[in-house]
Amino acid sequence: MSIIKLSKLEKIYPLGKLEVAALKGVDLEINKGDFVSVAGPSGSGKTTMMNIIGLIDTPTRGEICIEGKNAGTLRRAELTRLRHETIGFIFQSFNLLPVLSVIENVELPLVLGRLKMKKNERREWVEHLLQEVGLEDRINHKPSELSGGQQQRVAIARALAAKPQIVIADEPTANLDSVTGERILNLMKQVNKDEGTTFIFSSHDPSIWKIADHTIFLRDGIIESETRQ
Amino acid sequence: MIFILAFRNLLRNKRSTLLLLMLISFITMVFFWGNSFLSQSDRGLRRTYADNLTADLMIQKTQDISMNLFGANTPVIDDFFVMPVLPAYNEIRTTLEDQGLSQLSAVVSGKAAMDLAGVRQGVPLLGVETPSYFSIFPGIDLLEGELLLQDQPGVMLTRDMVDELREKKGREISVGDSVKFTMAYGTGFRIREVPLKGIFQYSNPGPYMEQIVLVDPQTLRSLSSVLSVAAEEVDIADDTMALLDGDLDNLFTSGDFFGSDDSEFSISDLEEDLSAPAVSSSDIMAGDWNFILIRTETGRNVSRIKKDLNRLLEPYGVTVVDWRTAAGNAAMSVLFIQFFFYGGILLISIAGVISIVNIMLISVFRRTREIGTLRAIGASDFTIAGLIVLENLFLSLIAGSVGLLIAWWGMGWLNNLEIPLGNSLISSLFGTNVLVVELQSLEAIKALAVAVALGICSAVYPGALAIKINPIEAVRRG
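Once a new chain begins, its residue numbering starts again from 1 and follows that chain's sequence as written. To read the labels, note that chains go from A and ligands from 1, taken in the order they are written. Local features in this predicted model are restricted to residues whose pLDDT is 70 or higher, and side-chain atom pairs enter the listing and the counts only when it is 80 or higher, whereas totals over whole chains, interfaces and linings include all residues.

## Notes on the overall build of chain B
Tallying secondary structure elements over chain B gives 17 helices and 12 strands in all. In chain B, once contacts between residues fewer than 6 apart in sequence are set aside, the share between residues at least 24 apart is 82%. Counting from the N terminus, the helices are the DSSP runs of H or I reaching at least four residues and the strands are the DSSP runs of E reaching at least two. Whether two residues are in contact depends on their C-beta atoms, placed from the backbone: they are in contact if these lie within 7 Å.

## Re the interface of chain B and chain A
Contact with chain B, which involves 18 residues of that partner, is made by 24 residues of chain A. For the side of chain B that touches chain A, the elements supplying multiple residues, two or more each, are α1 (2-12), α13 (368-376) and α17 (473-476) of chain B.

## Some words on α1(B)
Residue and element names in this part refer to chain B. To sort residues by burial, count the other C-beta atoms lying within 10 Å of each one's C-beta; a count of 20 or more means buried, 12 or fewer means exposed, and anything in between means partly exposed. C-beta atoms are built from the backbone. Every buried residue of α1 is accounted for by Leu5, Ala6, Asn9 and Leu10. For α1, the angular spread of buried residues about the axis comes to 135°, placing them on one side. Relative to its buried face, α1 has exposed residues pointing more than 90 degrees away, namely Phe3 and Leu11. In this structure, the buried residues of α1 make contact with α2 (14-54) and α14 (381-417). For this quantity, the arc is that covered by the directions from the helix axis to the C-beta atoms.

## A closer look at the sheet that holds strand β9 (residues 214-219) of chain A
All names here are of chain A. Taken together, the 6 strands give an open sheet; going across it, the order is β6-β7-β8-β3-β9-β10, and neighbouring strands pair in mixed fashion. Edge positions in the sheet fall to β6 (87-90) and β10 (222-228), since each of these pairs with one other strand and no more. This sheet shows a mean twist of 15° between the axes of neighbouring strands, independent of strand direction. For two strands to count as paired, DSSP must find a minimum of two bridges between them. Pairing analysis gives 5 bridges linking strand β7 (residues 166-170) to strand β8 (residues 198-203), with the strands arranged parallel. Lines fitted to C-alpha atoms define the axes here, with helix axes fitted over just the stretch in contact, and angles between the N-to-C directions of these axes take values from 0 to 180 degrees.

## Quick word on the nonpolar core
Inside soluble globular proteins, nonpolar side chains tend to come together where they are buried. In terms of nonpolar packing, the biggest core is built from 104 residues, with A:Ile168 and A:Ile200 touching the most fellow members. Leaving out residues up to four positions away in the same chain, A:Ile200 has contacts with A:Ile30, A:Val36, A:Val38, A:Met50, A:Ile53, A:Ile166 and A:Ile168. Listed in part, the 62 residues of the second largest apolar core include B:Met114, B:Val179, B:Met209 and B:Leu220. The nonpolar core is taken to be a set of buried Ala, Val, Leu, Ile, Met, Phe, Trp, Tyr and Cys residues joined by way of C-beta atoms within 7 Å.

## Regarding unusual backbone geometry
All names here are of chain B. Each neighbour pair has its own omega, and for threonine 130 with proline 131 the value is 0°, a cis peptide bond. Inspection of the secondary structure assignment puts proline 131 in the loop between β5 (119-128) and α4 (132-136). A positive phi is found at alanine 55, a non-glycine position, where the angle reads about 60°. Along the chain, alanine 55 turns up in the loop between α2 and β1 (57-61).

## Comments concerning the confidence of the model for chain B
Low pLDDT means the predicted coordinates in that region are not meant to be read closely. Residue and element names in this part refer to chain B. Residues of chain B with pLDDT of at least 70 account for 82%, and the chain-wide mean is 81. Residue range residues 228-232 is modelled with pLDDT below 50. Its contacts to residues more than four positions away, or to other chains, number 12 contacts. Our summary of model confidence lists the complex with pTM equal to 0.66 and ipTM equal to 0.86. Scored from 0 to 100, pLDDT records how confident the predictor is in each individual residue.

## Focus: helix α6 (residues 217-224) of chain B
Taking burial as the measure, the 8 residues of α6(B) include 8 buried ones, the bulk of the element. Taken residue by residue, α6(B) has B:Pro217, B:Gln218, B:Thr219, B:Leu220, B:Arg221, B:Ser222, B:Leu223 and B:Ser224 as its buried positions.

## Points about the environment of B:Phe394
Residue and element names in this part refer to chain B. Within the secondary structure, phenylalanine 394 sits in helix α14. Sequence-wise, phenylalanine 394 and phenylalanine 7 are 387 residues apart; in three dimensions their C-alpha atoms are separated by 7.1 Å. Not counting residues within four places of it along the chain, the set of residues in contact with phenylalanine 394 comprises Ala6, Phe7 and Leu10.

## What to know about the environment of B:Met156
Residue placement: B:Met156 occurs in strand β7 (residues 155-158). Not counting the four nearest positions on each side in its chain, B:Met156 is found in contact with B:Leu148, B:Lys197, B:Gly198, B:Phe200 and B:Leu214.

## Describing the confidence of the model for chain A
Confidence in the prediction for chain A averages 86 pLDDT; 99% of positions are at 70 or higher. Per-element averaging of pLDDT across chain A places helix α7 (residues 206-209) of chain A at the bottom with 74 and strand β4 (residues 61-66) of chain A at the top with 92.

## Regarding the sheet that holds strand β1 (residues 2-15) of chain A
Working definition: the strands of a sheet are paired by backbone hydrogen bonds and lie parallel or antiparallel to each other. Residues and elements named next belong to chain A. The strand order across the open sheet formed by 4 strands is β2-β1-β4-β5, and the pairing between neighbours is antiparallel. Each having just a single partner strand, β2 (18-31) and β5 (69-70) make up the two edges of the open sheet. For β1 and β4, the ladder comprises 5 bridges, and the chain directions are antiparallel. Within the sheet, the bridge partner assigned to lysine 5 lies in β4 and is cysteine 65.

## Overview of the pairing of β9(A)
Residue and element names in this part refer to chain A. The sheet contact formed by strand β3 (residues 35-39) and β9 spans 4 bridges and is parallel. Counterpart to serine 37 in the pairing with β9 is threonine 215. Two elements, β9 and β10, share 6 bridges in a ladder whose sense is antiparallel. By the bridge assignment, histidine 214 is partnered in β10 with arginine 228. Where β9 hands over to β10, the hairpin turn is made up of 2 residues, of which aspartate 220 adopts a positive phi near 50°.

Quick look at the structure:
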């Protein structure tokens, strides 16, 4: 059963008087619980597609359906709600809020959303997540006091906090060394297996594509090939 | 969590926070100081005028021109100004008493030349209804002699005026001395002479108040041609009416012009007739008045009473004005000062809002990525706008409190200096002879409210811009 469906998806960026097409009619279906890798060289449209799937950007043409809901027909507030309830986003450069501690950063999506959880339950859940990503001893640290790998683990915990169906990770290992990068991917894979969360991550590094069940190769804004294990 | 985020954002942006803090503190301080001074002067003026001269409300004949207790506020050029007389006095008085307003006193007002101790000077005269006048003005302290009595002609002068006259002429002035008043009418003059009954002083005199002369109403009425008695039906005896049937053509040529030899005319009778009062005391009280002064009970809403009375008394062609209008230009001057002060505060506030908005906009632009991230992880428009408003709210509360503390301390320090207020205008403005500004919690709350309002208003535009930031900015600015 597909949780994400893209139909004839196009994204065109204006560049002065020119128009640059980042996506040129992408059709794609991703099933619930998939661990998907979006591969391709730089400029192939990976990030654009990830942003559109993550509902933080809109397509120029075409349709995107998340859990059967056409995102193009939703109002701003509905889109915010769908994004919050369904999707967790892991940014390439972590995007942690510098004024909040590790535990507060992870707790934030729960505070912003409508997930009914008592304060102590919330704390327990967040501490559990931080334990899962191996940062239980860093909960009161500020992001600036953590290494890149640690920050990315916080970002993963934050993305998982609101128990989303889908987690989008745009080049999650790009700013990490290879060992840390591999650990991060293994952690994501573990959550995927344990919780059934759908993961979609992008990378231009062929060495990490193999971890995915479903790999999509993008080139010049179109899907060149798809492989499923 | 949003509270923590807002508070920590302020701490993180120390430079802009400090700048905003100083700006809002300054505005709060200026507002608190200015408002305290104005409020003090308002109370001072009230003590000066309402407690001594005008009471809380004054009823006057409805006029096209603006009036105070002593006449027109602006010089009347075209016509010779005549102090308007209250119409339907008895009905108005009954209406007021029906409304539970028992502390009333009527006055006649005018200006005359006064001769005393060989000095002639123009003075404002108030013909007062006694003893009610002295009961509604406890600020009048009798120093010598006695208060004016209902049925007796007499005059009361201020201690300052008597001292000045004594100094000018080096002559002693005592209770019982004759005081002569002259008032012009048409092409002639009216002159009245009355005894000096008492010397008094106002508890808190305003400028020129030492010139005010209190006189019995009948003397002033006779000087200013105001109707002395009420119009009543008069019975004329038949033999008196018969005189009109005589031969008017030969009135001055007939032999019996000076009366027949058997007439009962005598010089002593004539002298007796002339020495008798022209009108009885009951007639005096029934004569025309220019104003009715009303003292309301403490705690009652004077504005409300004024509004109700104006509605009730409108059919009689009279208007009820407050003490400020009754006192005239001196009291109104504070209103103008207040108007300019609030205008100034408004300008400072506008400049402050523009500065705060600019600083906040810079802060929002700097945090575009963070706001984009918040949106990407599910923050609604309300949350984003709330975050910006909260930041400003915290800031304005802290800055407002700091501004208030500084202002409060500064005011206390100023009060301790006990700066003497040199002239009577400034003294009357503050209601004291030494500069002491009362520190009032209400003014502090007002100033804090202004600071908070300023903070919230300044957050509107940056907040509106912040909610337009799309989640994609979290990636673009990554």
